[in-house]
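Breakdown of the fold
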Amino acid sequence: MEQTPAPQLFKLTFDNIEIEVEPGTTILQAARRIGGEVVPPAMCFYTPLKGSGGKCRTCLVKVTQGSAKDPRPMPKLVPSCITTVQDGMVVQNTTSPEVLEAREGVVEFLLINHPLDCPICDQAGECHLQDLSYEHGKAATRYEEERRTYDMTDLGPYIKLHMNRCILCYRCVFTADQITNQRVHGVLNRGDAAEIGTYISKAIDNDFSGNMIDVCPVGALTDKTYRFKSRVWFSKPYDAHRNCDKCCGKVLLWYKGEDIIRVTARKDTYGEVEAFICNTCRFETKRTADWVIEGESKISRHSVIGQNKRRKTLLPAFPLKQAQEQYKQIDDVREPSKLNYEESRLKNDLTKSKFDK
């Protein structure tokens, strides 16, 4: 039997790093294979959702050479999440001041209507817009007009919509469209009046509606059973699984003390779910006895979620060693001796004789 020849790989140079990828791979996917700080951020692209990407423009990159056959640069910055790699392509991200300046402008646009309510937002600590604004945003805004505001809305029994935080990434719409057959919400109106909503105030109550919470990057869709119960850095995540006839049953349990206060899908390095889970696992199964605990979930040491939980691994030995070398040791041995006792007695006698005179 003849073996199918391996496809010819395309060579890409990304921030002076060479990598070979299969034809059809996007620039963003190629960058993620390199990993690290060169990977462009993405607010609307979501790997498990077909057709996502190309809306927020946070992943813009500069193509300085289109391909080996046509080395001309592309005239404008391109979104890396929907631009496929060509053989011999040369791309700049962190090495291009033009890209970094454009990304600052995109962040400024995304924050025009977004309220600065991180201290009371349930998404704080795991919000992608929070990370993006910290890395690429400016300390001040130039926007002086009145911000767009909406009232909070209940989208069914489990989800609260806070439209003021929404950046219209369409992730929730793609999620409802592709993993359920009962999508009743979408983007209504156009332009500055565009908003997420349900048609004729219908409720979202299908078995996988909770996944819209996991894919939301900004806290516009929040879990009503978890709202204001705890900050994410005060809870501790554990990998767990159970036999479920609707989904894979592999989840992340968020403990506060002995109680499970939240159940979410497991996510990878880029905040994308490994597998979607059903509402039964997410909202209705919150007893430890219902789950098989696999162990503590791995958390990046740079994440705020890991703070105050794994102190032994976070505290390095270097400060203690440095203190021992640079500071004089204190002798705490203070055993009473006969000599000290005798000296003390003589001093007391001398003081007493002075007063007697």
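Notes on the structure in this doc start here. Quick caveat: nothing in here was measured; it's all calculated off a predicted structure.

Conventions and cut-offs
- Residue numbers restart at each chain and count upward from 1, following the sequence in its written direction.
- Local features are withheld for residues below a pLDDT of 70 in this predicted model, meaning they are given only at 70 or higher, and side-chain atom pairs are given and counted only at 80 or more; totals for whole chains, interfaces and linings count all residues.
- As a convention, hydrogens and water are excluded, and side-chain values are obtained from all of the structure's heavy atoms.
- Should DSSP find at least two bridges between two strands, the strands are taken to pair.
- In this text, helices come from DSSP runs of H or I with a minimum length of four residues, and strands from runs of E with a minimum of two, each type numbered from the N-terminal end.
- A pair of Phe, Tyr and Trp rings is counted when the ring centres sit within 6.5 Å of each other, with Trp represented by its six-membered ring. The angle between the planes then sorts it: under 30 degrees is stacked, over 60 is edge-to-face, the rest tilted.
- Only protein chains enter the area calculation, which uses a 1.4 Å probe; residues under 20% of their type maximum are buried, those over 50% are exposed, and those in between are partly exposed.
- Lines are fitted to the C-alpha atoms to define the axes, a helix being fitted only along its stretch in contact, and any angle between axes, read from their N-to-C directions, falls within 0 to 180 degrees.
- By definition in this entry, angles of less than 35 degrees are roughly parallel, angles greater than 145 are roughly antiparallel, angles of 65 to 115 are roughly perpendicular, and the rest are oblique.
- Left-handed describes a crossing in which the near helix is turned anticlockwise from the far one by less than a right angle; the clockwise case is right-handed.
- Contact criterion: two residues are considered in contact whenever any of their non-hydrogen atoms come within 4.5 Å of each other.
- Residues adjacent in sequence count toward polar contacts only when both atoms are side-chain atoms; beyond that, a polar contact is any pair of N or O atoms within 3.5 Å, and within protein one must be able to donate a hydrogen and the other to accept it.
- Here a cavity denotes a set of grid points, spaced 1 Å apart and computed over the protein atoms alone, in which a 1.4 Å probe fits but from which it cannot get out, and a pocket denotes an open set meeting protein on both sides within 12 Å along at least five of seven lines; residues with an atom within 4 Å of a point are reported as lining.
- Grid points are joined across faces, edges and corners, and a volume is the space filled by probe spheres set on the points.
- Any residue outside Ala, Val, Leu, Ile, Met, Phe, Trp, Tyr, Cys, Pro, Asp, Glu, Lys and Arg is labelled polar, Gly included; the first ten of those are nonpolar and the last four are charged.
- Buried residues of nine kinds, namely Ala, Val, Leu, Ile, Met, Phe, Trp, Tyr and Cys, make up a nonpolar core once their side-chain atoms join them within 4.5 Å.
- Put simply, a disulfide is two cysteine sulfurs that come within 2.5 Å.

Here's the deal with the pairing of strand β9 (residues 195-198)
Where strand β8 (residues 185-188) and β9 come together, four bridges link them in antiparallel fashion. Across the sheet, H185 pairs through a bridge with T198, a residue of β9. Hairpin connection of β8 to β9: six residues between the antiparallel strands, including N189 at a positive phi of 65°.

A short note on the packing of aromatic side chains
Per the stated rule, a full pass over the model turns up three aromatic pairs. Between Y238 and Y255, the aromatic rings sit 5.5 Å apart at their centres with planes inclined by 85°, giving edge-to-face as the arrangement. Within this pair, whereas Y238 is found in strand β11 (residues 236-241), its partner Y255 is found in strand β12 (residues 250-256), the two being separated by 17 residues in sequence. Looking at Y255, the relative accessible area reads 11%, which means it is buried.

Digging into the packing of helix α2 (residues 97-110) against helix α3 (residues 128-136)
Relative to each other, α2 and α3 sit at 135°, their axes nearing to 10 Å. With respect to their mutual orientation, α2 and α3 come out oblique. Crossing handedness for the pair α2 and α3: left-handed. Between α2 and α3, the contacting residues are L100, R103, E104, V107 and L110 on the first element and L129, L132, S133 and H136 on the second.

Considering the sheet that holds strand β10 (residues 221-223)
Pairing is antiparallel in the open sheet, where three strands are placed in the order β6-β7-β10. Of all the strands in the sheet, just β6 (153-154) and β10 have a single pairing partner and so form its edges.

A closer look at the side chain of R148
Examined against the element boundaries, R148 turns out to sit in the loop between α3 and β6. Not counting residues up to four positions away in its chain, the partners in contact with R148 are N113, M163, N164, C166, D192 and A194.

Digging into helix α1 (residues 27-34)
A turn of α-helix holds 3.6 residues, and therefore any two residues three or four places apart point the same way. Residues I27, L28, A30, A31 and R32 constitute the buried set of α1. Residues of α1 that are buried sit in contact with β1 (10-14), β2 (17-21), β3 (60-65) and β5 (89-92). Following α1 by one or two positions, G35 has its phi on the positive side, about 80°.

Regarding the side chain of N93
Relative to the elements of secondary structure, N93 occurs in the loop between β5 and α2. One polar contact links N93 to R103, side chain to side chain, over a distance of 2.9 Å. With residues up to four places along the chain from it excluded, the contact list for N93 reads F14, D15, V38, V39, P40, L60, V61, V99, L100 and R103.

Let's talk about empty space enclosed by the protein
Enumeration according to the criterion identifies two cavities of 30 Å³ or more in this entry. The volume enclosed by the largest cavity comes to roughly 100 Å³. Approximately 50 Å³ is the volume found for the second largest cavity. Along the walls of the second largest cavity sit H114, D117, C118, C121, A124, C127, Q130 and V218, which together make up its complete lining. Split by residue class, the lining of the second largest cavity holds five nonpolar, two polar and one charged.

Notes on the pairing of β12
Judged by how many residues are buried, β12 sits mostly within the fold: five of seven residues are covered. Bridging between β11 and β12 involves six bridges; their strand directions are antiparallel. Opposite D239, over in β12, you have L252 as the bridge partner. Counting the residues in the hairpin turn of β12 and strand β13 (residues 259-265) gives two residues, including G257, whose phi is positive at 70°.

Thoughts on the nonpolar core
Generally speaking, nonpolar side chains in soluble globular proteins are found buried as a group. Counting 33 residues, the largest nonpolar core has M43, L129, I167, I196, M212, V218 and L221 as its most contacted members. Those elements that provide at least two residues to this core are α2, α3, β7 (159-161), α4 (171-179) and α5 (211-215). No other element matches the four residues that α2 contributes to this core. Apart from the residues lying within four places of it in its own chain, the contact partners of I167 are M43, L110, L129, P217 and V218. Residues F174, C244, Y255 and W291 belong to the second largest nonpolar core, which totals 20 residues.

Details of unusual backbone geometry
Of note, R57 is a non-glycine position whose phi angle comes to about 70°, a positive value. Topologically, R57 is positioned in the loop between α1 and β3. Take R57: its relative accessible area is 37%, and that puts it in the partly exposed class. Notably, L168 is not glycine yet its phi reads approximately 55°, a positive angle. Its place among the elements puts L168 in the loop between β7 and α4.

Some details on the state of the cysteines
Considering all chains together, one arrives at zero disulfides under this definition. There is no disulfide at C244, and the cysteine sulfur nearest it, in C278, is 3.6 Å away. Using a relative accessible area of 18% as the deciding quantity, one classes C244 as buried. Between C248, a free cysteine, and C247, which holds the nearest cysteine sulfur, the sulfur-to-sulfur gap is 5.3 Å. The class for C248 is partly exposed, based on a relative accessible area of 38%.

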